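Chain by chain, the residues:
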There are 2 protein chains.
Amino acid sequence: MKHKGKATSFDIAHYAGVSQSTVSRALRNSPLVNEETRRKVHEVAAKLNYKVDKNASNLRTQQSSTLALLLFEDPTTDESQINPFFLSMLGSITRACSKEGYDLLVSFQSSSQDWRADYEDSHRADGIILLGYGDYLDYQSRLQQLLEQDTKFVCWGAKVDGRPDLTVSCDNYGGGQLAAQHLIDQKRTDCAFIGDASHHSPEFFARYQGFKDTFQAKGIQLNERKIANAISTEDSGYHATKSLIANNVHFNALFAASDLIAIGAIRALQEAGIAVPNDVRVVGFDNIPAASYVSPALTTVQQNTTLAGQMLVSNLLSLIRGETVESTLLPPNLIVRNT
Amino acid sequence: MKHKGKATSFDIAHYAGVSQSTVSRALRNSPLVNEETRRKVHEVAAKLNYKVDKNASNLRTQQSSTLALLLFEDPTTDESQINPFFLSMLGSITRACSKEGYDLLVSFQSSSQDWRADYEDSHRADGIILLGYGDYLDYQSRLQQLLEQDTKFVCWGAKVDGRPDLTVSCDNYGGGQLAAQHLIDQKRTDCAFIGDASHHSPEFFARYQGFKDTFQAKGIQLNERKIANAISTEDSGYHATKSLIANNVHFNALFAASDLIAIGAIRALQEAGIAVPNDVRVVGFDNIPAASYVSPALTTVQQNTTLAGQMLVSNLLSLIRGETVESTLLPPNLIVRNT
DNA sequence: CCACTATCTGACACCGGTGTCATAATGTGG
DNA sequence: CCACATTATGACACCGGTGTCAGATAGTGG
């Protein structure tokens, strides 16, 4: 009775005394099959622990009920740590996929050469989610390529003018405004910014713009000298802040383009004997888990990762179904803690 | 010239003026095909942006070059947060997979009913990695089922006697010893333990045993009243510690079964006006990213997640290839910080 | 009782590759 | 020049499902 290898629909057909076609229909609950027959087939299938071969099924139907997630990070990041913000996005995307009945293929783009966006071409996935800060290598030209190949994909991250790709992102500009308004309310108007004030990372740039513009609207100009560049790591934030301090730059508030940067900045400040929040108030961005654990607990702009994951998945599925979808901008949220 | 839909090997064959069989061979660099022909085929394939259809290929070869990762957490955990330790394992597993040329399917087991370990049965994956603390629902009986179905899988977590599954885990017992020895060296022998001292979670239990036995070897008996149960969340650690304090339990050291618990415990201690590390020294377990960011920085037992991910993948691949593999025990590592 | 419809089932082509086998073309030694 | 090995290629079955079509059976109305 025990076969070598897995049971196929032919085995079920044999034991249930029907044709293989009927087995296939019965298992997918086609209305064409008699109630009695369906019961019988299901029963035999359960007994033989039969599972539909997804490869055969996908091959025939030309779709995979699978999405692919491409996760890429700043190439200068060492390989041991992954930005916790992306990890929590990963978690919410996984959950959203499974809620929609899709599987998720995950892939890191750790080195430049293995840009593996061919999941759709090879019929492994019906669509692709791109997750990462958009300053990765020749990101732009690669997106262009995907568009030309008519690959279905959604990007996490800032919408860039003139790029017709579908994106889901946090309102980074609005988040910068929130941070600025909070500091203004606290009467801290002598601000430093740590992140990337150039166009290099569209997300960081938008955060900076919203921040700067809000101050400007109050007649306050941000001082160029109080801007330091950093990528999104604790270490980078630490060193950027240290160099500000070493250059005798003074400020009573600091806006960091990400929580990791903020955490590094706080460490640098504390080492220099500068009290947080008394001497310098700090606002971060992302609301990563660690933000609430550090002490003092970090005030930060929250990105709703659960919603973001759901929107990425549902927008992508709409796109795949051929519906017209608009890029989505999610409202950020200020979490006031102790910095 | 532009086809509707993706190009197939027949299209390549047509344009290259050879048979489809030859295309297939040429693209897989079979030695049977002439150098000149191979070049020509590759050239046409590149021009048409051809990618092998993985479904067809997998169907024929009966393997998928894909592994599946089942991530399950304590069912009481709310769905928004995922244990950061598992996230970093996820990261290292993803990297290890891609290094081996395998893709990774990720799935959360958030609710009880959707135990989807059928990735192998449905030929979606060649093997399965199970990741989670082993107190998930009727975990044991489900493993038994996988074994009976001859599914290829590896578990992260404690090796349980009499269970013939392949595991990779940290030496939790040894980790408990490290923590104990460290506290003894610091002359802190009045210890509390927060975690799970029952057999419920084999990992936590082993950590507790190693800890307890080391003290016992020095003639010190752990006081039952100083043990509090907690699952691996910050909140649970916080409440467990709070209840110890409320019950007037005194101690000058605390061993937490995980970093999240330790972070929650520190919060409870600090709120109660108990200084860390002066009044109570704290040792955690896992070395999650946040451990180094909290203040005071957490002393903890590190699990080498990079190595763990590599071992899980390589052991699973060995198992799939039919080689005999032994369960692996990874050495833990004490990271002394400021608690 | 026949014509016609509704319901159910089986035969068969097909998805796009891979592997086997037969065969053609070329080369080598006696 | 023939026997034989070597190399390169095409024809074809096959993986395990899904969808289409034709046909069998039962049911209904005139």
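Since the structure is predicted, the reported quantities are computational estimates derived from the model, not experimental observations.

Cut-off values and rules
Residues numbered from 1 in each chain as written. Chains lettered and ligands numbered in written order. Predicted model: local features only at pLDDT ≥ 70, side-chain atom pairs only at ≥ 80, totals over all residues. Heavy atoms only, no water. Pairing = 2+ DSSP bridges. Helix = DSSP H or I, 4+ residues; strand = E, 2+ residues; numbered from the N terminus. Axes fitted to C-alpha atoms, helices over the stretch in contact; angles between N-to-C directions. Contact = heavy atoms within 4.5 Å. Near = heavy atom within 4 Å. Polar contact = N/O pair within 3.5 Å; in protein donor to acceptor, adjacent residues only side chain to side chain. Nonpolar A, V, L, I, M, F, W, Y, C, P; charged D, E, K, R; others polar. Least-squares fit on C-alpha atoms with pLDDT ≥ 70 in both. Expected span 1.5 Å × (residues − 1). Buried < 20%, exposed > 50% of the residue type's maximum accessible area, 1.4 Å probe, protein only. Buried area = accessible area lost by both parts, 1.4 Å probe. Salt bridge = Lys/Arg side-chain N within 4 Å of Asp/Glu carboxyl O. Phe/Tyr/Trp six-rings, centres within 6.5 Å; stacked < 30°, edge-to-face > 60°. Lys NZ or Arg CZ within 6 Å of the ring centre and 35° of its normal.

Q: Just checking my understanding: could you explain the sheet that holds strand S2 (residues 103-109) of chain A for this structure?
A: Paired through backbone hydrogen bonds, the strands of a sheet run either parallel or antiparallel to each other. Strand order in the open sheet formed by 12 strands is S11(A)-S5(A)-S4(A)-S3(A)-S1(A)-S2(A)-S2(B)-S1(B)-S3(B)-S4(B)-S5(B)-S11(B), and the pairing between neighbours is mixed. The open sheet is flanked by strand S11 (328-330) of chain A together with strand S11 (328-330) of chain B, the only strands paired with a single partner. Recorded for the sheet is a direction-independent mean angle of 20° between the axes of neighbouring strands. Taken together, the seven bridges between strand S1 (residues 66-72) of chain B and strand S2 (residues 103-109) of chain B define a ladder with parallel strand orientation. Bridge pairing links phenylalanine 72 of chain B to glutamine 109 of chain B in S2 of chain B. In this fold helix H12 (residues 305-320) of chain A packs onto strand S1 (66-72), strand S3 (127-131), strand S4 (153-156), strand S5 (166-170) and S11 of chain A, with an angle of close to 155° to the strand it touches most, S4 of chain A.

Q: Sorry, what's going on with the protein's contact with DNA strand D here?
A: In the vicinity of DNA strand D there are 26 residues, among which Ser9, Ser24 and Arg60 of chain A together with Thr22 and Thr37 of chain B approach most closely. Restricting the count to atoms of DNA strand D within 4 Å of the protein gives a sugar and phosphate share of 61%. A distance of 3.4 Å is found between a base nitrogen of DNA strand D and a backbone nitrogen or oxygen belonging to alanine 56 of chain A. Within the side chain of arginine 60 of chain B, one N or O atom sits 3.1 Å away from a base oxygen of DNA strand D. Of all the secondary-structure elements, those providing two or more residues to the surface near DNA strand D are helix H2 (20-27) and helix H4 (54-61) of chain A together with helix H2 (20-27) and helix H4 (54-61) of chain B. Sort the elements by how many residues they give to the surface near DNA strand D and H4 of chain A lands first, with five residues. Classifying every residue of the surface near DNA strand D by side-chain character gives seven nonpolar, 13 polar and six charged.

Q: Sorry if this is basic, but what is going on with the relation of the copies chain B and chain A here?
A: Turning one copy of the chain about an axis and sliding it along that axis gives the other copy, so a rotation and a shift relate them. Take chain B, turn it by 180°, move it 0.0 Å along the axis, and it overlays chain A with an RMSD of 0.0 Å. Overall, the copies show the geometry of a two-fold rotation axis. Interface overlap between copies: 100% of the residues of chain B at the interface are likewise at the interface in chain A, consistent with a symmetric, same-surface contact.

Q: When you look at helix H9 (residues 234-246) of chain A in this model, what are you seeing that I'm missing?
A: The periodicity of an α-helix, 3.6 residues per turn, causes residues three or four positions apart to be oriented the same way. With 13 residues, H9 of chain A extends 18 Å between its outermost C-alpha atoms, agreeing within 8% with the 18 Å of an ideal straight helix rising 1.5 Å per residue. Taken together, the buried positions of H9 of chain A are Glu234, Ser236, Gly237, Tyr238, Ala240, Thr241 and Leu244 of chain A. The inward-facing, buried residues of H9 of chain A contact strand S6 (191-195), strand S7 (227-229), strand S8 (253-256) and helix H10 (259-271) of chain A together with helix H11 (289-293) of chain B. Backbone geometry just after H9 of chain A places asparagine 248 of chain A at a positive phi near 60°.

Q: Please clarify how the interface of chain B and chain A should be interpreted in this entry.
A: The figure often quoted for interface size is the accessible area lost as the parts come together. If you look at the interface, chain B gives 48 residues, while chain A gives 48 residues. Across the chain B to chain A interface the summed buried area is about 4800 Å²; carbon plus sulfur atoms make up 52%. Considering only the surface of chain B that becomes buried against chain A, Asn55, Arg95 and Tyr293 of chain B emerge as the three largest contributors, covering 16% of it. Inspection of the chain B/chain A interface yields eight salt bridges. There are 14 residue pairs in polar contact (both at pLDDT 80 or more) connecting chain B and chain A. Those elements giving two or more residues to the side of chain B that touches chain A turn out to be H4, helix H5 (84-99), S2, helix H10 (259-271) and H11 of chain B. Ranked by the residues each element gives to the side of chain B that touches chain A, the list is headed by H5 of chain B, at seven residues. Taken together, the residues of the side of chain B that touches chain A break down into 17 nonpolar, 17 polar and 14 charged. Across three bridges, S2 of chain A lies against S2 of chain B in antiparallel orientation. Directly across from leucine 104 of chain A, in S2 of chain B, lies its bridge partner valine 106 of chain B.

Q: Could you clarify how one ought to interpret the packing of aromatic side chains in this entry?
A: Geometrically, a pair of aromatic rings is defined through the distance of the ring centres and the angle of the planes. Across all of its chains, the model carries 14 aromatic pairs over all chains by this definition. Within the aromatic cluster, the residues linked to one another by ring pairs are Phe193, Tyr208, Phe211, Phe215, Phe255 and Phe285 of chain A. Positioned over the ring face of phenylalanine 108 of chain B is arginine 95 of chain A, at 4.8 Å from the centre of the ring. Here the basic side chain of arginine 267 of chain B rests over the ring of tyrosine 238 of chain B, its NZ or CZ set 3.8 Å away from the ring centre.

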